[in-house]
Amino acid sequence: MQDTPPATPADRLARATPPTLARKVRGLSDRSIAWIFVAPTILLLLAINIFPLIWTIRLSFTNFRANRPNEPLEWVGLRNYERILTDPDVWQTMQATAHFLFWTLFFQVLLGFALAWLINRKFRGNDLMTTLIVLPMMLSPAVVGNFWTFLYQPQIGLINYAVEFVTGIPASSFTMLGSVSLAPWAIVIVDTWMWTPFVMLICLAGLRSIPDYIYEAAEIDRASKWRQFWTMTVPMVLPFLMLAVLFRGIENFKMFDLVVLLTGGGPGDTTLLSSIELKREAFEKWRTGYSSAYAIILFVTVFGLASIYVKALNKVKER
Amino acid sequence: MKARLLAASSAAALCVAGMASAQENELTLCWAAWDPANALVELSKDFEAQSGIKMNFEFVPWPNFADRMLNELNSGGQLCDLMIGDSQWIGAGAESGHYVKLNDFFDANAISMDAFVPATVTGYSEWPKNTPNYWSLPAFGDVVGWTYRKDWFERPELAAEFKEKYGRDLVAPQTFAELKDIAEFFQGREIDGKTVYGASIYTERGSEGITMGAMNVLYSFGFKYENPDKPYDMQGFVNSAGAVAGLEYYKSLFDCCTPPGLSNAYMGEGIDAYKSGQVAMQMNFAFTWPGFEVDPNVGGGKTGYLVNPAGPNGERFAQLGGQGISVVSYSENQEAALEYIKWFAQPEVQQKWWTMGGFSCLRAVVEDPGFAASQPYAQTFLDSMAIVKDFWAEPSYATLLSDSQKRFHDYVVAGQGTAQEALDGLVADWTVTFEDDGKL
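Bear in mind the structure is a predicted one, so any value in this text is a computation, not a measurement.

1. Concerning the overall build of chain A
Helices and strands together make up the secondary structure of chain A, namely 14 helices and zero strands. Secondary structure elements of chain A, listed N to C terminal, follow the sequence α-α-α-α-α-α-α-α-α-α-α-α-α-α. Scaling as 2.2 N^0.38, a compact globule of 319 residues should have a C-alpha radius of gyration of about 20 Å, whereas chain A reaches 27 Å, well beyond that. By principal-axis analysis of the C-alpha atoms, chain A measures approximately 95 × 75 × 40 Å. The proportion of buried residues among the 319 residues of chain A is 38%. Partitioning the intrachain contacts of chain A with sequence separation of at least 6 by distance along the chain shows that 67% fall at a separation of at least 24. Summing over all exposed atoms, chain A offers an accessible surface of approximately 19,100 Å²; the carbon and sulfur share of this is 70%. Computing the positive centroid from 28 side-chain charges and the negative centroid from 22, chain A places the two 7 Å apart.

2. Observations regarding the overall build of chain B
A count of helical and extended segments in chain B gives 19 helices and 13 strands. Projected onto its principal axes, the C-alpha coordinates of chain B cover approximately 95 × 50 × 45 Å. Long-range pairs, those at least 24 residues apart, make up 73% of the contacts in chain B with a sequence separation of at least 6. When the accessible surface of chain B is split by element, carbon and sulfur atoms take 53% of a total near 16,700 Å². Counting 30 positive and 57 negative side-chain charges, chain B places the centres of these two groups 4 Å from one another.

3. Looking at the packing of helix α18 (residues 397-412) of chain B against helix α19 (residues 419-436) of chain B
Residues and elements named next belong to chain B. It is at 9 Å that the axes of α18 and α19 come closest, and there the two elements cross at 165°. The orientation of α18 relative to α19 falls into the category roughly antiparallel. Crossing of α18 against α19: the hand is right-handed. In this structure, α18 uses T399, L400, D403, S404, R407, F408 and Y411 to contact α19, whose residues at the interface are A419, A422, L423, G425, L426, D429, W430, T433 and F434. Each residue belonging to the contact of α18 with α19 can be placed in one class, and the counts come to nine nonpolar, four polar and three charged.

4. Some points on the confidence of the model for chain A
Of the residues in chain A, 92% reach a pLDDT of 70 or more, and the chain-wide mean stands at 90. By mean pLDDT, the top-scoring element of chain A is helix α9 (residues 183-208) of chain A (96), and the lowest-scoring one is helix α2 (residues 19-26) of chain A (59).

5. Observations concerning α18(B)
Relative to the 22 Å expected for 16 residues at 1.5 Å per residue, α18(B) spans 22 Å between its end C-alpha atoms, a close match to the ideal helical length. When you tally the buried positions in α18(B), you get 16 out of 16 residues, the bulk of the element.

6. Considerations on the packing of helix α5 (residues 88-119) of chain A against helix α14 (residues 288-318) of chain A
Residues and elements named next belong to chain A. At a closest axis distance of 14 Å, the pairing of α5 and α14 adopts a crossing angle of 40°. Here α14 runs oblique to α5, going by the angle between their axes. Between α5 and α14 lies a crossing of right-handed hand. Counted together, V90, T93 and M94 of α5 and Y290, Y294, I297 and L298 of α14 form the full contact between these two elements. Its residues placed into classes, the contact of α5 with α14 shows six nonpolar, one polar and no charged.

7. A look at the packing of aromatic side chains
Residues and elements named next belong to chain B. Evaluation of the coordinates by the stated rule reveals 73 aromatic pairs over all chains. Ring geometry for F176 and F221: centres 5.9 Å apart, planes at 35°, overall tilted. One end of the pair, F176, is in helix α9 (residues 176-186); the other, F221, is in helix α10 (residues 209-221), and 45 residues separate them in sequence. Note on F221: relative accessible area 10%, which makes it buried. Taking the centre distance of 5.3 Å and the plane angle of 50° together, the rings of Y340 and W343 count as tilted. Highlighted residues: Y340 and W343, both in helix α14 (residues 334-344), separated by three residues, approximately one helical turn. The same class applies to Y340 and to W343, which are both buried. One cation-aromatic arrangement involves R189 over F185; the distance from NZ or CZ to the ring centre is 4.0 Å. The ring of Y411 has K251 lying over it, and the distance from NZ or CZ to the ring centre is 5.8 Å.

8. Observations concerning the sheet that holds strand β3 (residues 82-86) of chain B
All names here are of chain B. Spatially, β2-β1-β3-β12-β4 is the arrangement adopted by the five strands of the open sheet, whose pairing is mixed. Edge positions in the sheet fall to β2 (54-60) and β4 (137-140), since each of these pairs with one other strand and no more. Strand-to-strand twist of the sheet, defined as the mean angle between neighbouring strand axes without regard to direction, takes the value 30°. Together, β1 (26-32), β2, β3 and β4 form the strand contacts of helix α2 (residues 35-51), whose direction differs from that of β2 by roughly 170°. Against the sheet, α14 engages β1, β2, β3, β4 and β12 (323-327), with an angle of about 145° to β12.

9. A short note on the pairing of β2(B)
All names here are of chain B. Where β1 lies against β2, seven bridges are found, and the strand directions are parallel. Bridging from a neighbouring strand, T28 pairs with N56 of β2. In this view, the connection linking β1 to its parallel neighbour β2 by way of α2 has right-handed handedness.

10. Focus on the state of the cysteines
Residue and element names in this part refer to chain B. For the coordinates displayed, the defined rule picks out two disulfides over all chains. Here C30 is linked by a disulfide to C80, with a sulfur-sulfur distance of 2.0 Å. Residues C30 and C80 are joined through a disulfide that is left-handed, its torsion about the S-S bond being -95°. Of this pair, C30 sits in strand β1 while C80 is found in the loop between α3 (62-74) and β3, placing the two residues 50 residues apart along the sequence. Accessibility expressed as a relative area gives 0% for C30, which makes it buried. With a sulfur-sulfur separation of 1.9 Å, C256 is cross-linked through a disulfide to C257.

11. Let's talk about the side chain of S125(B)
All names here are of chain B. Structurally, the position occupied by S125 is in helix α6 (residues 118-125). With a relative accessible area of 0%, S125 lands in the buried category. Within the structure, the side chain of S125 is placed 2.7 Å from the backbone oxygen of S136, a separation counted as a polar contact. Excluding residues within four positions of it along the chain, S125 makes contact with I90, M113, T120, N133, Y134, W135, S136, L137 and P138.

12. So, the nonpolar core
Judged by nonpolar contacts, the single largest core of 152 residues is most densely connected at W31(B), Y340(B), F344(B) and W430(B). When we break this core down by domain, the ones giving at least three residues each are domain 1 (27-142 + 322-389) and domain 2 (144-320 + 393-436) of chain B. In this structure, Y340(B) is in contact with L27(B), L29(B), L40(B), S44(B), F47(B), M55(B), L82(B) and I325(B), ignoring residues within four places of it in sequence. Judged by nonpolar contacts, the second largest core, of 21 residues, contains F174(A), W195(A), M255(A) and L273(A).

Rules and cut-offs
Residues numbered from 1 in each chain as written. Chains lettered and ligands numbered in written order. Predicted model: local features only at pLDDT ≥ 70, side-chain atom pairs only at ≥ 80, totals over all residues. Heavy atoms only, no water. Helix = DSSP H or I, 4+ residues; strand = E, 2+ residues; numbered from the N terminus. Rg over C-alpha atoms; globule rule 2.2 N^0.38 Å. Buried < 20%, exposed > 50% of the residue type's maximum accessible area, 1.4 Å probe, protein only. Contact = heavy atoms within 4.5 Å. Areas by Shrake-Rupley, 256 points an atom, 1.4 Å probe, with all protein chains shown as cover. Lys, Arg positive; Asp, Glu negative; His and termini not counted. Charge placed at Lys NZ, Arg CZ, Asp CG, Glu CD. Axes fitted to C-alpha atoms, helices over the stretch in contact; angles between N-to-C directions. Parallel < 35°, antiparallel > 145°, perpendicular 65-115°, else oblique. Left-handed = near helix turned anticlockwise from the far one by under 90°. Nonpolar A, V, L, I, M, F, W, Y, C, P; charged D, E, K, R; others polar. pLDDT = per-residue confidence, 0-100. Expected span 1.5 Å × (residues − 1). Phe/Tyr/Trp six-rings, centres within 6.5 Å; stacked < 30°, edge-to-face > 60°. Lys NZ or Arg CZ within 6 Å of the ring centre and 35° of its normal. Pairing = 2+ DSSP bridges. Right-handed = clockwise from strand over helix to strand, strands pointing away. Disulfide = S-S within 2.5 Å. Polar contact = N/O pair within 3.5 Å; in protein donor to acceptor, adjacent residues only side chain to side chain. Core = buried A, V, L, I, M, F, W, Y, C linked by side-chain atoms within 4.5 Å. Domains from an automatic or database assignment.

Structure representation (structure tokens):
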């Protein structure tokens, strides 16, 4: 006589299931079961993403103000969009955003890749060095914003004293955050300091995914280090690098906290990024309809740019 | 089992009833996080003892105060039963239904607005302005004035050098021109081995700082918000020749005589600059003055207090600060909140409020013969309150403020364009807002 194997928890559950329910479940197709599992997530997405988006689009064609909910809603057509796109101040904030976006990405890619390339070497203290380098990105933007404000302080800040030490320019003769020409660079420096480690980590993952035997084959073929770098390392890390640029680009397009803490958008509107301006319109001036249109314009911009970029990224991956 | 269920249900019911009762016996007062708020916490202990109502407080730092509290009001939130809101909120508070109208309550409890300093009643309580419609009780009088280092001004070597250079004594300035001379005199000077600077002024971009500072100067140079005979007619008043000269003066003061790095400075930065001995003069609200008197560096007679100086034509005005206390219409504890206001309006409570550092608006307190001598800054406070003007208190004040913040900061700090362009732009911005509001 054959021994009966001990019942597993699944067997016990199956036996405990009433036959009617079991029959009902058995009657469902795989597709139906898949829908049952996916439905809650889809409903949640509809509720917290799609519905607000549609609602925002609707509001963007009205004069609605959230602080005056009882006032009659007036349909203004494309007036909000027209106002935004013809407003020189809006274009100035777009320019400030573009400056911030371009230069932070440029420096973060350059430094992030360089650091990853160096850290990828085998040397003593490699792990400790990696941990130290990634520390800035673990800090809260509020903390970073506040302590860089002190670092940039012209009378007591280290940065000005460092500049004085190197160049001889008196420390209190210039102010990084209060100068129209220096403030846009001051925020680029802080964001680069904070987020270069992120790009470095992604690049490091890319570098470590390159098999050693490829380099060994190249060595046998007597390819120079320079040639190995340009024809093997860079192309194989490029998809990772492009992914890092995508993440950082989207993040920096909506940069808010760090810049608000450092400059508040000033001096004047020099560092007034689109997201700061949008917040002011929406929650300080309470022009909800206008700011909805502004948000839609920014959304379309990011979405359009990101879509083009993702297509390019896919092409690079296919190579 | 049934008995246990019954006991558990009873306990739960008692808990719920207890919570409801506790809520009825509690009040939450919302205000900015600053020294006067701490004084009010102490003062309110008397109310708690008398009424048996527990007071809770929600204080938000000034830079976020308007954002946080206006969001609360606009969303119909029930966090605050009592709101000590900024003077400019009164229009929105009244028209959007955030505040409870207090006329009937005042009449029923014999609280007369005639008993309060007229400027504070107009500034903090009335909407529409100059009509007997009251939405708050004047709670904390405040005004922008100046402090100066009396001990530096009295140094013989400095006094002599100043007299030789400017042909007059180094005393508290009476005009803005004199103020700038003194600021220039101190700028970059070595005093006790430290480099000091002329003055700290408001330059903050994010909330209301530079508007409060610039307006504090512009009023005395001839700036007016609108045509006195035609409301919302701003052309030639906001951007009058006098107003342009006032804004140019403010920029020149910023360029010549402020410490490096004070390009985004408001009350807190001004206090720090003054207490740390960086500046000879400081523009700031009167609420800061009690703190200077007890400060080891600048207290004990080292600080003098100064009413805002006069403009080129002898006109002298000052920017109003301060707040009234209102009952939030969304509160479920309005009765208790009104009881608090009734208690707060009593002369003896107001007297104690003043002694604890709160700037009372009750005439019985400030017109008392002993008031002027009660503190070194008391007379300056009184004189300043007599010449106040305030920013728009329209329901759209936040939009109007945001526009002036941008225009003033662009010109004064960033140096973009001219004063004329800044004020012309301001007229255009404000016109759009009033058109949107249907007032133009």
